[in-house]
Amino acid sequence: MGTAPASRDVTSYGMGLAAPLALFFLVFFVAPLLQLLWLSLHNDTAALHWGLGQYLHFLTDPFSLSVLGSTLLLGAEVTAVCLVLGFPIAWLYQRVGPRLQTIIILIVLLPLLTSVVVRTFAWIVILGRQGIINATLQSLGIIDTPLKLLYTQFGVVIALAQVQMPLMTLPLITALGRIDPNLDDASCSLGAGSWRTFFRIVLPLSLPGVIAGCTLTYAAAITAFITQSLIGGGQMLFMPMYLYQQASTLQNWPFASAISIIFLLAVLAVVSVFTTLGRMSRGYGGA
Amino acid sequence: MSGRKRTLEAIGFEFVMTVIAIIALIIIIAPSLVVLIVSFTSGFSLRFPPPGYSLRWYAELWNAWQLHFAAKNSLIVALWATGLSIVLGVAASLAISRSRTLSARLLDSLFMSPLVLPALAFGLAALMLFSLVGMPVSLLTLVIGHTVVCVPYVVRNTVAALAQLEPTLLESSAVLGASRLYTFRRIVLPLIRPGIIAGAFIAFMSSFDNVPVSLFLRDAATDMLPIRMWQDLEGKLDVTIAALSSVLIIATVVAVAVMERVTGLSRRLTN
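Calculation rules
Residues numbered from 1 in each chain as written. Chains lettered and ligands numbered in written order. Predicted model: local features only at pLDDT ≥ 70, side-chain atom pairs only at ≥ 80, totals over all residues. Helix = DSSP H or I, 4+ residues; strand = E, 2+ residues; numbered from the N terminus. Buried ≥ 20, exposed ≤ 12 C-beta atoms within 10 Å, placed from the backbone. Rg over C-alpha atoms; globule rule 2.2 N^0.38 Å. Contact = placed C-beta atoms within 7 Å. pLDDT = per-residue confidence, 0-100. Core = buried A, V, L, I, M, F, W, Y, C linked by C-beta atoms within 7 Å. Arc of directions from axis to C-beta. Axes fitted to C-alpha atoms, helices over the stretch in contact; angles between N-to-C directions. Left-handed = near helix turned anticlockwise from the far one by under 90°. Nonpolar A, V, L, I, M, F, W, Y, C, P; charged D, E, K, R; others polar.

## Remarks on the overall build of chain B
Here is step 1: Helix and strand content of chain B: 12 helices and zero strands.
Here is step 2: When the elements of chain B are put in sequence order from the N terminus, they spell out α-α-α-α-α-α-α-α-α-α-α-α.
Here is step 3: The C-alpha extent of chain B, read off along each of the three principal axes, is 80 × 70 × 30 Å.
Here is step 4: Of all 271 residues assigned to chain B, the portion counted as buried reaches 48%.

What follows is the structure, given as structure tokens:
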């Protein structure tokens, strides 16, 4: 060692170490997705005739379009609820002592690591006809007959918001932690009120975290198969279940492939919009 | 300090933020508590509060062989997928973390992409590939599918741990005559081990909880726990599931507490 003039850089490892995983991904990740794309470009289930028939079918079918639309809308609603509820948690986190900080983090983390079926099941218990909300409202005499909360858009949004909350809160905590606390004091001592300081200083500076959180929450909410199907029930259909029905129950693989590709592109479009916004906001907030 | 008006306004602001934060924290924690309480019901329904308390549903759970079978499969697949993710992921992290080349950045994006792409689309794609090459679904195909979606967690945490490693440590070790392998074993590995463990833990949990990939790659002979639970819940609202959910919640709490001690999990996920 050390004798060769161009001695190897001891602090870095060769790219060869990435080869096994790269190969694994090529065979079991890239290849299947390419096959999915290939199959979606065929008009028949035997995959003999090339064509854009599957995509035309989806894009001219009002039912398919409404499923896509309601899925994208659901993602937006869940993201908004998560942001409104998650931001104050991150704000509180920066204001309490280390002991409480650990407790807050663990409360936020716990659902992230608890089985999603378990979390969804909990909401069935809460929102059901004999659930905690209906039981409380009835015993207080506010309502006579149980409210229908399960199998409604409201139920799906609130359950999904709870399930995905960690994905919003963790990046926000990181972003708020990077803001110089002196800015807050400076703004206040210059006469700006707390609300003004919050909306003019804190919120803009935390934009990278907001955008990271929104991206993760949105992508997770629109693909949350279990929560959507159990809380939404049979009447509400979103893209993941639509895809699953076409693939498994109806065995229509080319159409299911086309749904997958359209769904994938929709997710990528949303993510890249958020990423672009994030890049712009970093230039703004990183000053 | 100027005036009483601003102080009042500040108190109002802090009050509103704190109240929303506390409501949000309650919304996060309440569902788990509700499940824990309902699982001890003596009744047949998920009524809350329960009419009485008993351990009957835990006795039911003890005899629910279908759930045991699914849990065993999920455990086997999660262990194999995590093991594979560690071996493949740590090696790849070493290669890409300290390199600024375009290929390293592209590989990084490739390895992270399963986190963003809808996993359901990947599940369907994997099923089609396996049926094309004539591989019937089995625990092996499940392990392969799960590894693809779990490896990003190992890579992300290992890369983050490697980024904090002082390059001078490696240089000093080399100057003192240590071989690369020796330096890796005695310097690098001990320093990045908490990061690897944290990543492996999240990978394990996400495999054990995986639905979108398992949905396509399992069948009756390779039933997986989350799918079994989901199908049970679609059919009837069985209180046995509440008992099982409580067991899983407690197991998660214990595991997170241990991981917090071992790896400082919470700090890793917030920076």
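## Structural notes on the overall build of chain A
Here is step 1: When helices and strands are tallied, chain A shows 13 helices and zero strands.
Here is step 2: Listing each helix as α and each strand as β along chain A from the N terminus yields α-α-α-α-α-α-α-α-α-α-α-α-α.
Here is step 3: Since a compact globule built from 287 residues should have a radius of gyration of about 19 Å, the 24 Å found for chain A marks it as more spread out than a globular shape.
Here is step 4: Each principal axis of the C-alpha distribution contributes one length, and for chain A these read about 85 × 70 × 35 Å.
Here is step 5: In chain A, which comprises 287 residues, the proportion classed as buried is 46%.

## Remarks on the interface of chain A and chain B
Here is step 1: The interface of chain A with chain B comprises 81 residues on the first partner and 80 residues on the second.
Here is step 2: In terms of residues, the side of chain A that touches chain B owes the most to one element, helix α1 (residues 19–40) of chain A, which gives 13 residues.

## A word on the environment of Trp62 of chain B
Residue and element names in this part refer to chain B.
Here is step 1: As for its position among the elements, Trp62 is in helix α2 (residues 56–63).
Here is step 2: Trp62 sits in the exposed class, given 12 other C-beta atoms within 10 Å.
Here is step 3: For the pair formed by Trp62 and Gln231, sequence separation is 169 residues and the distance between their alpha carbons is 19 Å.

## Considerations on the confidence of the model for chain B
Here is step 1: On average, chain B scores 89 in pLDDT, and the residues at 70 or more come to 97%.
Here is step 2: Scored by ipTM, the complex comes to 0.89, with pTM at 0.89.

## Brief notes about the nonpolar core
Here is step 1: Core analysis: the largest hydrophobic core is formed by 171 residues, its most contacted members being Val125, Leu243 and Ile259 of chain A together with Leu124 of chain B.
Here is step 2: Excluding residues that lie within four positions of it along the chain, Val125 of chain A makes contacts with Gly131 of chain A together with Val34, Val35, Val38, Leu46 and Phe48 of chain B.

## Observations concerning the environment of Ile226 of chain A
Here is step 1: Position of Ile226 of chain A relative to the elements: it lies in helix α11 (residues 225–232).
Here is step 2: Along the sequence, Ile226 of chain A and Gly51 of chain A sit 175 residues apart, while their C-alpha atoms lie 33 Å from each other.
Here is step 3: The residues contacting Ile226 of chain A, other than those within four sequence positions of it, are Val116, Val117 and Thr120 of chain A together with Val211 and Trp230 of chain B.

## Focus: the environment of Leu277 of chain A
Residues and elements named next belong to chain A.
Here is step 1: For Leu277, the position within the fold is in helix α13 (residues 253–285).
Here is step 2: Overall, the presence of 16 C-beta atoms within 10 Å leaves Leu277 in the partly exposed class.
Here is step 3: Spatially, the C-alpha atoms of Leu277 and Pro208 are 8.5 Å apart, while their sequence positions differ by 69 residues.

## With respect to unusual backbone geometry
All names here are of chain A.
Here is step 1: Here the phi dihedral of Tyr151 falls at roughly 60°; this positive angle occurs in a residue that is not glycine.
Here is step 2: Along the chain, Tyr151 falls in the loop between α6 (132–139) and α7 (153–177).
Here is step 3: Of note in the backbone geometry, Gln251 takes a positive phi value of approximately 55° without being a glycine.
Here is step 4: Mapped onto the secondary structure, Gln251 falls in the loop between α12 (239–249) and α13.

## Side note on helix α4 (residues 102–112) of chain B
Here is step 1: Of the residues making up α4 of chain B, those classed as buried are Leu107, Asp108 and Phe111 of chain B. Down the axis of α4 of chain B, the sector holding all buried residues measures 105°, keeping them to one side. Residues of α4 of chain B that are exposed and point more than 90 degrees away from the buried face comprise Leu102, Arg105, Leu106 and Ser109 of chain B.
Here is step 2: Residues of α4 of chain B that are buried in the fold lie against α1 of chain A together with α3 (65–97) and α6 (139–163) of chain B.

## So, the packing of helix α8 (residues 181–189) of chain A against helix α9 (residues 194–205) of chain A
The description of two packed helices rests on the angle between their axes and on the distance between the axes.
Residues and elements named next belong to chain A.
Here is step 1: Closest axis-to-axis distance for the α8/α9 pair is 10 Å, and the angle between their directions is 145°. Crossing hand, α8 versus α9: right-handed. Contact residues: α8 offers Leu183, Asp184, Ser187 and Cys188, while α9 offers Thr197, Ile201 and Val202.
Here is step 2: Here the residues of the contact of α8 with α9 are counted per class, giving four nonpolar, two polar and one charged.

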